[in-house]
Amino acid sequence: MALRGISEVVYIEDQPVVGHILLPLLRQLGLQSRWLLWLTSSRRLSRPWLAQSGLPLQKVVQLRQPSAFDTVAAMEKALLTGNFSVILGWFPAELSETDKRCLQNAAQQGGTFGFIMYPQNGSNRPSGQFSGLKIYSTLYH
């Protein structure tokens, strides 16, 4: 599976978007020889949840970044390396079009697939469609 590019996932905080929408894709990508990277600010991955979900513990890496800016920079660098099957970047709000384009270019150059993850809230209004997939979890719950 040669995926590369950036997609957005807009989710509701108290609904398990990863388990319902992304988990099958993450399991498939976990079969590749490359790593799965989670870039978060406050969320901490649960090893029991990873094991129960069928994700390869030995291939999952989590980096916790102190701010959204640091997460964008870390995600860009990780995408460029080509060492990851998928990178999930968790953000507090929708990214700017400039940040999205930067990440899209890095994903193309590194041959990596990435998800920009952010919660739906009152200040997140859908803007113009980014050149990727925008998934609204309210459609699936």
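Residues numbered from 1 in each chain as written. Predicted model: local features only at pLDDT ≥ 70, side-chain atom pairs only at ≥ 80, totals over all residues. Heavy atoms only, no water.

(A) Inspection of the overall build of the chain at higher detail. Along the backbone of the chain there are 4 helices and 6 strands. Along the chain direction, N to C, the helices and strands of the chain fall in the order β-α-β-α-β-α-β-α-β-β. Taken across its 141 residues, the chain has 46% of its residues classed as buried. In the form shown here, the chain has an accessible surface area of approximately 7,200 Å², with 54% of it arising from carbon and sulfur atoms. (Helix = DSSP H or I, 4+ residues; strand = E, 2+ residues; numbered from the N terminus. Buried < 20%, exposed > 50% of the residue type's maximum accessible area, 1.4 Å probe, protein only. Areas by Shrake-Rupley, 256 points an atom, 1.4 Å probe, with all protein chains shown as cover.)

(B) Molecular detail of the pattern of salt bridges. Within this structure, the stated rule accounts for 3 salt bridges. Between K100 and E94 there is a salt bridge, with its nearest N and O atoms 2.7 Å apart. A salt bridge links K100 to E97, with the shortest nitrogen-to-oxygen separation between them at 3.2 Å. Of this pair, K100 and E97 are both found in helix α4 (residues 97-110), 3 residues apart, which corresponds to roughly one turn of the helix. In the salt-bridge network here, residues are joined through shared partners; they are E8, E94, E97 and K100. (Salt bridge = Lys/Arg side-chain N within 4 Å of Asp/Glu carboxyl O.)

(C) Geometry of the nonpolar core. Core analysis: the biggest nonpolar cluster contains 19 residues, and L22, L26, W38, V86, L88, F115 and M117 have the highest contact counts within it. Within the residue set of this core, elements represented by two or more residues are β1 (5-11), α1 (17-29), β2 (35-40), β4 (84-90) and β5 (113-119). Here this core takes 5 residues from α1, the largest share from any one element. Not counting chain neighbours up to four residues away, the residues in contact with L88 comprise L22, L26, L37, W38, L39, F115 and M117. Core analysis: the next-biggest nonpolar cluster, separate from the first, contains 18 residues, V72, F91, L95 and L103 among them. (Core = buried A, V, L, I, M, F, W, Y, C linked by side-chain atoms within 4.5 Å. Contact = heavy atoms within 4.5 Å.)

(D) Just the packing of aromatic side chains, in detail. Taken as a whole, this structure holds 4 aromatic pairs when the rule is applied. Relative to W90, the ring of Y11 lies with its centre 5.4 Å away and its plane at 70°, an arrangement referred to as edge-to-face. Highlighted residues: Y11 in strand β1 and W90 in strand β4, separated in sequence by 79 residues. Between F113 and F115, the ring centres sit 4.9 Å apart and the planes meet at 90°, which makes this aromatic pair edge-to-face. Comparing F113 with F115, the two get one shared label, buried. (Phe/Tyr/Trp six-rings, centres within 6.5 Å; stacked < 30°, edge-to-face > 60°.)

(E) Looking closely at the packing of helix α3 (residues 68-81) against α4. Axis separation between α3 and α4 bottoms out at 7 Å; the angle between their running directions is 20°. The pairing of α3 with α4 is recorded here as roughly parallel in orientation. In this structure, α3 crosses over α4, and the sense of that crossing is left-handed. Every residue of α4 that contacts α3 at V72, M75, E76, L79 and L80 is listed here: D99, C102, L103, A106, A107, Q109 and G110. Classifying every residue of the contact of α3 with α4 gives 8 nonpolar, 2 polar and 2 charged. (Axes fitted to C-alpha atoms, helices over the stretch in contact; angles between N-to-C directions. Parallel < 35°, antiparallel > 145°, perpendicular 65-115°, else oblique. Left-handed = near helix turned anticlockwise from the far one by under 90°. Nonpolar A, V, L, I, M, F, W, Y, C, P; charged D, E, K, R; others polar.)

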